[in-house]
Amino acid sequence: MEYRRITSIQDPLFKKMHQLMQDVFPPEEVLEFSLWEEPLQDPGIRVFVAVNEGEVVGATEYRYYEDFNVAMTDFTIIGRPGMGIGRFLAQKRLADLHALANDNGKRLSGMFAEIYDPYRVEHYEFGGVKPMDPYVRREVLSHLGYMRLDFPYVHPSWNNDGEAVTGLDLCFLPMNEGTTELPAELIVSFLKRYYTVLPNKPKAWLDMIEGLEAKKTVALLPI
């Protein structure tokens, strides 16, 4: 299996990856094909695919923020069971992020991720791919060390229609196992930066940010 970076929508592997995303994710979670052109050219956005015999069998997108010294996992897709794709992607991604932080003269602080909560929303099918089942993914991410940030989370729809997407938790994987909370200021700054690309923010998201700005810290809880 190969770990290949994609930097252009003209890359034949991107078309295969985008189709895989459409097969797996709900429509409101998938950015339209042509809108990927600029993000893929952004050196800070890292999109990699797992390629097996010329086919895209998995993918992950993530980014490292030098000023925050944190990363964000945008998505991870496991397209087929029984191939060790999840472990392959997780190990390659973490090694890449540690190298980026090292180049920044720091030790990686941790990584954010949005994680579906199937105990609140049960209709996510994820293309019928069993490794992508929200119950499975949530438990796997818990095993990896991710923890849930203790506040009600919503995010703007990637359709940029001003709708709020619910049914997820914002989680964080601390590199220091003793971490029990995060500065609220870090969370606010990160979310504002991350969602700059979507100008149509729902009121629920703005209210969430206002609530976070009134806090000093946010606890990390098990998922």
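About the thresholds
Residues numbered from 1 in each chain as written. Predicted model: local features only at pLDDT ≥ 70, side-chain atom pairs only at ≥ 80, totals over all residues. Heavy atoms only, no water. Helix = DSSP H or I, 4+ residues; strand = E, 2+ residues; numbered from the N terminus. Rg over C-alpha atoms; globule rule 2.2 N^0.38 Å. Buried < 20%, exposed > 50% of the residue type's maximum accessible area, 1.4 Å probe, protein only. Contact = heavy atoms within 4.5 Å. Areas by Shrake-Rupley, 256 points an atom, 1.4 Å probe, with all protein chains shown as cover. Lys, Arg positive; Asp, Glu negative; His and termini not counted. Charge placed at Lys NZ, Arg CZ, Asp CG, Glu CD. Phe/Tyr/Trp six-rings, centres within 6.5 Å; stacked < 30°, edge-to-face > 60°. Lys NZ or Arg CZ within 6 Å of the ring centre and 35° of its normal. Expected span 1.5 Å × (residues − 1). Arc of directions from axis to C-beta. Polar contact = N/O pair within 3.5 Å; in protein donor to acceptor, adjacent residues only side chain to side chain. Core = buried A, V, L, I, M, F, W, Y, C linked by side-chain atoms within 4.5 Å. Pairing = 2+ DSSP bridges. Axes fitted to C-alpha atoms, helices over the stretch in contact; angles between N-to-C directions. Salt bridge = Lys/Arg side-chain N within 4 Å of Asp/Glu carboxyl O.

A.B. asks: Can you help me understand the overall build of the protein chain in this one?
C.D. replies: For the protein chain, the count of helices and strands is six helices and eleven strands. For the protein chain, whose C-alpha radius of gyration is 17 Å, the value lies close to the compact-globule estimate of 17 Å for 223 residues. Expressed as a percentage of its 223 residues, the buried residues of the protein chain come to 49%. Within the protein chain, residue pairs in contact and separated by at least 24 positions form 68% of the contacts whose partners lie at least 6 positions apart. With the model as given, the accessible surface of the protein chain reaches about 11,200 Å², and the carbon-plus-sulfur share is 50%. Averaging the locations of the 23 positively and 33 negatively charged side chains of the protein chain gives two centres separated by 4 Å.

A.B. asks: What exactly am I supposed to notice about the packing of aromatic side chains here?
C.D. replies: For any pair of aromatic rings, the description rests on two quantities: the centre-to-centre distance and the angle between the ring planes. By the definition in use, this model includes 16 aromatic pairs. Ring geometry for Phe-112 against Phe-190: centres 4.3 Å apart, planes inclined by 5 degrees, an arrangement best described as stacked. Separated by 78 residues along the polypeptide, Phe-112 in strand E5 (residues 110–116) and Phe-190 in helix H5 (residues 184–194) bring together distant segments of the chain. With relative accessibility at 0%, the residue Phe-190 sits in the buried group. Judged by centre distance (4.8 Å) and plane angle (85 degrees), the ring pair of Tyr-194 and Tyr-195 falls under edge-to-face. Judged by its relative accessible area of 0%, Tyr-195 is buried. Aromatic ring contacts, followed pair by pair, group Tyr-65, Phe-68, Phe-112, Trp-158, Phe-172, Phe-190, Tyr-194, Tyr-195 and Trp-205 into a single cluster. Above the face of the Trp-205 ring, Lys-201 is positioned so that its terminal group lies 5.4 Å from the ring centre.

A.B. asks: For this particular structure, what's the right way to read helix H1 (residues 12–24)?
C.D. replies: Given 3.6 residues per turn, any residue in an α-helix points the same way as the ones three and four places further on. For H1, which comprises 13 residues, the first-to-last C-alpha distance of 19 Å matches the rise-based estimate of 18 Å (1.5 Å per residue) to within 8%. Three or more residues of H1 are buried, namely Leu-13, Phe-14, Met-17, His-18, Leu-20, Met-21 and Val-24. All buried residues of H1 lie within an arc of 155 degrees about the axis, which places them on one face of the element. Turned more than 90 degrees from where H1 packs its buried face, Pro-12 and Lys-15 sit exposed. For H1, the side-chain oxygen to backbone nitrogen distance between the N-cap and Leu-13 is 2.8 Å, and the N-cap itself is Asp-11.

A.B. asks: Looking at this structure, I do not really get the nonpolar core. What am I missing?
C.D. replies: A general tendency of soluble globular proteins is for nonpolar side chains to be buried together. Judged by nonpolar contacts, the single largest core of 52 residues is most densely connected at Met-17, Trp-36, Phe-112, Leu-149, Ile-187 and Leu-191. Residue contributions to this core peak at seven residues, all from H5. Not counting chain neighbours up to four residues away, the residues in contact with Ile-187 comprise Phe-112, Leu-149, Phe-151, Leu-170, Leu-182, Leu-212 and Val-218. Residues Phe-48, Leu-141, Tyr-146 and Leu-173 belong to the second largest nonpolar core, which totals 22 residues.

A.B. asks: Where do I start with the sheet that holds strand E9 (residues 168–174) in this structure?
C.D. replies: Sheet architecture is open: nine strands sit in the order E1-E2-E3-E4-E5-E9-E6-E11-E10, paired in mixed fashion. With partners counted over all chains shown, the strands left at the sheet margins are strand E1 (2–5) and strand E10 (181–183), one partner each. Within this sheet the neighbouring strands show an average axis-to-axis angle of 30 degrees, counted without direction. Relative to strand E11 (residues 217–221), E10 runs antiparallel, the two being bridged by three bridges. Of the residues in E11, the one forming a bridge with Pro-183 is Thr-217. Running at roughly 90 degrees to strand E3 (residues 55–65), H1 makes contact with E1, strand E2 (45–52), E3 and strand E4 (70–78) of the sheet. Contacts from helix H4 (residues 134–144) reach E4, E5, strand E6 (147–149) and E9, with the element oriented near 160 degrees to E5.

A.B. asks: Help me understand helix H6 (residues 203–213) in this model?
C.D. replies: Within H6 the residues assigned to the buried category are Trp-205, Met-208, Ile-209 and Leu-212. Along the axis of H6, the buried positions cluster into a sector of 100 degrees, meaning they face one direction only. Those residues of H6 that are exposed and aimed more than 90 degrees away from the buried face are Lys-203 and Glu-210.

A.B. asks: Could you clarify how one ought to interpret the pattern of salt bridges in this entry?
C.D. replies: Where charged atoms from two side chains of opposite charge come close, those side chains can pair. Applying the stated criterion across every chain yields a total of ten salt bridges. For Arg-138, the salt bridge identified is with Asp-169, shortest N-O distance 2.7 Å. Pair noted here: Arg-138 is in helix H4 and Asp-169 is in strand E9, with a separation of 31 residues, a long-range link. A residue is classified by how much of its surface remains accessible, and Arg-138, at 8% relative accessible area, is buried.

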